[in-house]
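In case you want the letters, here they are:
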Protein chains: 2
Amino acid sequence: MNIFTRTLVAFTAALLLCAPLHAADPLPSWQDGAAKKSIVDFVEDTTRKNSPDFVPVAERVAVFDNDGTLWSEQPMYFQAFFIFDRIKALAPEHPEWKTKEPFASVLRGDMKSALAGGEHALMEMAMATHAGTTTEQFDAIVRNWVASAKHPKTGRLYTEMVYLPMLEVLRYLRANGYRTYIVSGGGIEFMRPWTEAVYGIPPEQVIGSSIKTKFEMRDGVPVLARLPELNFIDDKEGKPVAINQHIGRRPIAAFGNSDGDLQMLQWTAAGKGRRFALYVHHTDADREWAYDRDSHIGRLDKGLDEAAARGWTVVDMKKDWKQVYPFDKP
Amino acid sequence: MNIFTRTLVAFTAALLLCAPLHAADPLPSWQDGAAKKSIVDFVEDTTRKNSPDFVPVAERVAVFDNDGTLWSEQPMYFQAFFIFDRIKALAPEHPEWKTKEPFASVLRGDMKSALAGGEHALMEMAMATHAGTTTEQFDAIVRNWVASAKHPKTGRLYTEMVYLPMLEVLRYLRANGYRTYIVSGGGIEFMRPWTEAVYGIPPEQVIGSSIKTKFEMRDGVPVLARLPELNFIDDKEGKPVAINQHIGRRPIAAFGNSDGDLQMLQWTAAGKGRRFALYVHHTDADREWAYDRDSHIGRLDKGLDEAAARGWTVVDMKKDWKQVYPFDKP
């Protein structure tokens, strides 16, 4: 063989080696079944050239809820654990909290009483712990917390309690030209410090609830100060509003797990051409949690009915997922 | 020559042909001088491997004001012309406008009186013309307007009155891995329908002022209704706030032309590492307009002082730009 022939042979061999890679299962943690097939069919139909459902790359936007869709949300939203930990950390600066509810309950370790005041109490605690810093200080606080805080049941970092099958969906979509956004009721600045490392989703593709910030000069240095004032709740009817505000395009695909995601799925599915809407249904009390219509967190009631009526994909976590968390044994 | 040698020769020839292409001037409409050099130096310093100022691609964010920075803004913001045209178009549905100010003045063609009420009057007219539709209907209205409305002085489409040298900067930055965002006091949904075609800036990279929208079901179809209620003013202190909200990263480079951009430039320039801040100074009464410290529109007063104090680039439109609009003769 001369050098050219040898190059050609090497090239052909490389191609042959690549072939199985391309044909590899993009969703190995998913059981073969209707849910997995619906995802693969959707991606292939919208990205194959000459497909009647072809979607140009610029339009390939997929939106994902976070709590209960990409990571767990039981026994309470992980951001609530962050709030409680922050109250404990800030307590020395707030001696009045020892006798002031709901803070006093948190400091006694009585989370049930702390949450008894409902949304109002939670909001009060959120403001007390999320405001009062600059954006850069808050970023550092969140980074420290996610690097060390452990979930009470699994003993794992919260960022380890992400769903392997959904990480595969994120990767699969991006490999096919989709931009993947988070659209979550969680705090936008609570998520941004870690979503890139954990999900491959950069800050500019994270949409969430927010408090107001204010531009200020401090000793000649400009900062953004976080204020104890609500800016936007990115839940239910707020999700399509926020998608329009941030992205300015209607998504092609939407993934959620609760009634809080219903309007986002409706908005996505109502667009022209091929669309995709998927609900993760928490059915696995052994490997994760089982809850739906009566749950206080992540209630999925109207959404289940609408999914059935409209033919959306409903993932049965117990049956459809071979593995839940990356640290589980397959 | 055997086929391998021939391939090698062809490859080498292709490389040689490419060389002049790479060396081509990325900013041909700019006069050689300090302003042009500062842009090229910045881009090369932040993108050259092993440069001490190297910025990873993910962090390469550049923000641009729109009115007066990417397109003209005289004798009034182009969006004000849109508002007046909408008032005329909507007048048959609003017989009360014939006797109600500021609408009556607009309908008589007396723009000066229409604007005499200042910001309050302008806001009233903006709400009356920007709300009351769905987001999709408003998108179509804007598209129709920019495709047909002409500027009173030049007789050109407003989207033709963009600055060729700034189009070159946008392209040059993007060719070097920068993502280019608009951060404008103008309406976000007034800009998004045309910025991709005119500037190559997609909707998700457009940030602007906004009114509130509301998710509604109409005959079973979800829509976003535009409400006559202010959501956010993306000007002055609002610009860094909006950048943080939308992008979640501090820009590396910022381009503006007025005191309304000052905080955005300060916020950008105060970041760690190499940063770039540039003001377009309107000095060309012949080819465009000349105005700065005393102008009611696009006032540049504090910004000029701060630019001088901090060594920011100030573009002298008359001296630094060989050509202003793409339709001008070079």
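The rules behind these values
Residues numbered from 1 in each chain as written. Chains lettered and ligands numbered in written order. Predicted model: local features only at pLDDT ≥ 70, side-chain atom pairs only at ≥ 80, totals over all residues. Heavy atoms only, no water. Helix = DSSP H or I, 4+ residues; strand = E, 2+ residues; numbered from the N terminus. Contact = heavy atoms within 4.5 Å. Areas by Shrake-Rupley, 256 points an atom, 1.4 Å probe, with all protein chains shown as cover. Pairing = 2+ DSSP bridges. 1 Å grid on protein atoms, 1.4 Å probe; cavity = no way out; pocket = protein on both sides within 12 Å on 5 of 7 lines; lining within 4 Å. Points joined across faces, edges and corners; volume = space filled by probe spheres on them. Buried area = accessible area lost by both parts, 1.4 Å probe. Salt bridge = Lys/Arg side-chain N within 4 Å of Asp/Glu carboxyl O. Polar contact = N/O pair within 3.5 Å; in protein donor to acceptor, adjacent residues only side chain to side chain. Nonpolar A, V, L, I, M, F, W, Y, C, P; charged D, E, K, R; others polar. Buried < 20%, exposed > 50% of the residue type's maximum accessible area, 1.4 Å probe, protein only. Least-squares fit on C-alpha atoms with pLDDT ≥ 70 in both. Expected span 1.5 Å × (residues − 1). Lys, Arg positive; Asp, Glu negative; His and termini not counted. Axes fitted to C-alpha atoms, helices over the stretch in contact; angles between N-to-C directions. Parallel < 35°, antiparallel > 145°, perpendicular 65-115°, else oblique. Left-handed = near helix turned anticlockwise from the far one by under 90°. Phe/Tyr/Trp six-rings, centres within 6.5 Å; stacked < 30°, edge-to-face > 60°. pLDDT = per-residue confidence, 0-100.

**Regarding the overall build of chain A**
Assigned secondary structure in chain A consists of 13 helices and eight strands. Oriented by its inertia axes, the alpha-carbon framework of chain A measures out at about 80 × 50 × 40 Å. Long-range contacts, defined as pairs at least 24 residues apart, comprise 65% of the intrachain contacts of chain A with a sequence gap of at least 6. By element, 56% of the accessible surface of chain A is carried by carbon and sulfur atoms, the whole surface being about 15,000 Å².

**Describing the pairing of strand β4 (residues 221-232) of chain B**
All names here are of chain B. When strand β3 (residues 206-218) meets β4, the two strands line up antiparallel, connected through eight bridges. Residue pairing in the sheet places Phe215 in a bridge with Leu224 of β4. Between β3 and β4, which pair antiparallel and follow one another directly, the connecting turn spans two residues, one of which, Asp219, has a positive phi of 50°.

**So, the layout of surface pockets**
Residues and elements named next belong to chain A. Taken as a whole, the second largest pocket encloses approximately 1,400 Å³ of empty space. The wall of the second largest pocket is formed by 48 residues, among which Tyr77, Glu119, Leu122, Gly185 and Asp235 lie closest to the centre. Contributions of two or more residues to the lining of the second largest pocket are made by α3 (78-90), α6 (118-130), β2 (179-187), α9 (188-199), β3 (206-218), β4 (221-232) and α11 (262-269). It is α6 that contributes the most residues to the lining of the second largest pocket, seven residues altogether.

**Side note on the interface of chain B and chain A**
At the interface, 38 residues of chain B touch 38 residues of chain A. Taking both partners together, chain B and chain A bury about 3,200 Å²; carbon and sulfur atoms supply 53% of that area. Three residues, B:Glu204, B:Phe215 and B:Gln245, lead the burial of chain B against chain A; their summed loss comes to 20% of the area buried on that side. The tally of links from chain B across to chain A stands at eight salt bridges. We note a salt bridge from B:Glu196 to A:Arg249, for which the minimum N-O separation is 3.6 Å. On the surface where chain B and chain A come into contact, there are 18 residue pairs in polar contact (both at pLDDT 80 or more). Secondary structure elements with two or more residues in the side of chain B that touches chain A: α1 (3-23), α7 (135-148), β2 (179-187), α9 (188-199), β3, β4, α10 (238-246) and α11 (262-269) of chain B. Here the side of chain B that touches chain A is built from residues that sort into 16 nonpolar, 11 polar and 11 charged.

**Brief notes about the pattern of salt bridges**
Across all of its chains, the model carries 52 salt bridges over all chains by this definition. Residues B:Arg249 and A:Glu204 are paired through a salt bridge, measuring 2.9 Å at the closest nitrogen-oxygen approach. Taken together, the residues B:Arg249 in the loop between α10 and β5 (253-256) and A:Glu204 in the loop between α9 and β3 connect one chain to another. Assessed through its relative accessible area of 10%, B:Arg249 is described here as buried. Here the residues in one salt-bridge network are A:Glu59, A:Arg179, A:Arg249, B:Glu196 and B:Glu204, joined through shared partners.

**Here we look at the relation of the copies chain B and chain A**
Both copies of the chain are tied together by a single rotation about an axis and a shift running along it. Here chain B sits on chain A after a turn of 180° about the axis and a move of 0.0 Å along it, with an RMSD of 0.0 Å. These values place the two chain copies in the arrangement generated by a two-fold rotation axis. Same-surface contact between copies: 100% of interface residues of chain B are shared with the interface of chain A.

**Comments concerning helix α3 (residues 78-90) of chain B**
Residues and elements named next belong to chain B. For α3, built from 13 residues, the straight-helix expectation of 18 Å at 1.5 Å per residue is met to within 8% by its first-to-last C-alpha distance of 18 Å. With respect to burial, α3 is a largely interior element, 10 of its 13 residues being buried. Inspection of α3 places Phe78, Gln79, Ala80, Phe81, Phe82, Ile83, Phe84, Arg86, Ile87 and Leu90 among the buried residues, and these make up the whole buried set. Where the residues of α3 are buried, they touch α4 (103-108), α5 (111-114), α6 (118-130), α7, β2 and α9.

**Regarding the side chain of A:Arg60**
All names here are of chain A. Along the chain, Arg60 turns up in the loop between α2 (34-47) and β1 (61-64). Within the buried set, Arg60 has no salt-bridge partner at all; the shortest N-O distance to an opposite charge, 9.6 Å, is to Glu59. Among the polar contacts made by the side chain of Arg60, one reaches the main-chain carbonyl oxygen of Val55 at a distance of 2.8 Å. A polar contact is formed between the side chain of Arg60 and the backbone oxygen of Asn176, at a distance of 2.8 Å. Excluding residues within four positions of it along the chain, Arg60 makes contact with Thr46, Thr47, Phe54, Val55, Asn176, Gly177, Tyr178, Arg179 and Ile252.

**A closer look at the packing of α3(A) against α6(A)**
Angle between the axes and distance between the axes are the two parameters that describe a pair of packed helices. All names here are of chain A. The interhelical angle for the contact between α3 and α6, taken along N-to-C directions, is 60°, at an axis separation of 9 Å. Taken as axis vectors, α3 and α6 run oblique relative to one another. Every pair of crossing elements has a handedness; the one defined by α3 and α6 is left-handed. The residues of α6 that touch α3, namely those facing Gln79, Phe82, Ile83, Phe84, Arg86, Ile87 and Leu90, are Leu122, Met125, Ala126, Ala128, Thr129 and His130. Looking at side-chain class alone, the contact of α3 with α6 contains nine nonpolar, three polar and one charged residues.

**Some points on the packing of aromatic side chains**
Note on aromatic pairs: each is described by the distance of the centres and the angle between the planes. All names here are of chain A. For the coordinates displayed, the defined rule picks out 43 aromatic pairs over all chains. On the basis of an interplanar angle of 75° and a centroid distance of 5.8 Å, the ring pair of Trp30 and Trp321 is categorised as edge-to-face. Taken together, the residues Trp30 in the loop between α1 (3-23) and α2 and Trp321 in the segment after α13 (317-320) connect sequence positions 291 residues apart. In textbook terms, an aromatic cluster arises when at least three aromatic residues are bridged by ring pairs, as seen for Trp71, Phe78, Phe81, Phe82, Phe138, Trp145, Tyr158, Phe190, Trp194 and Tyr199.

**A closer look at the confidence of the model for chain A**
Residue and element names in this part refer to chain A. On average, residues of chain A score 93 in pLDDT, and 93% of them are at 70 or above. For the stretch residues 12-21, pLDDT sits under 50, and the model shows zero contacts to residues farther than four places along the chain or on other chains. Among the scores for the predicted complex, ipTM is 0.91 and pTM is 0.92.

**Quick look at the packing of α3(B) against α7(B)**
Residues and elements named next belong to chain B. Taken N-terminus to C-terminus, the directions of α3 and α7 make an angle of 105°; their axes are 11 Å apart at the nearest point. Put simply, α3 runs roughly perpendicular to α7. Each of Phe78, Phe81, Phe82, Asp85 and Arg86 in α3 lies in contact with α7, whose residues at this interface are Phe138, Ile141, Val142 and Trp145. The residue makeup of the contact of α3 with α7, split by class, is seven nonpolar, no polar and two charged.

**Some words on helix α8 (residues 164-175) of chain A**
Residue and element names in this part refer to chain A. With 12 residues, α8 should cover 16 Å at 1.5 Å per step; its first-to-last C-alpha distance of 16 Å lies within 8% of that length. The buried fraction of α8 is high, at nine of 12 residues. Among all positions in α8, only Leu164, Pro165, Met166, Leu167, Glu168, Val169, Leu170, Tyr172 and Leu173 are buried. Looking at the buried side of α8, the elements it contacts are α2, β1, β2, α9, β5 (253-256) and β6 (276-283). Where α8 terminates, the next one or two residues include Gly177, which has phi positive at roughly 85°.

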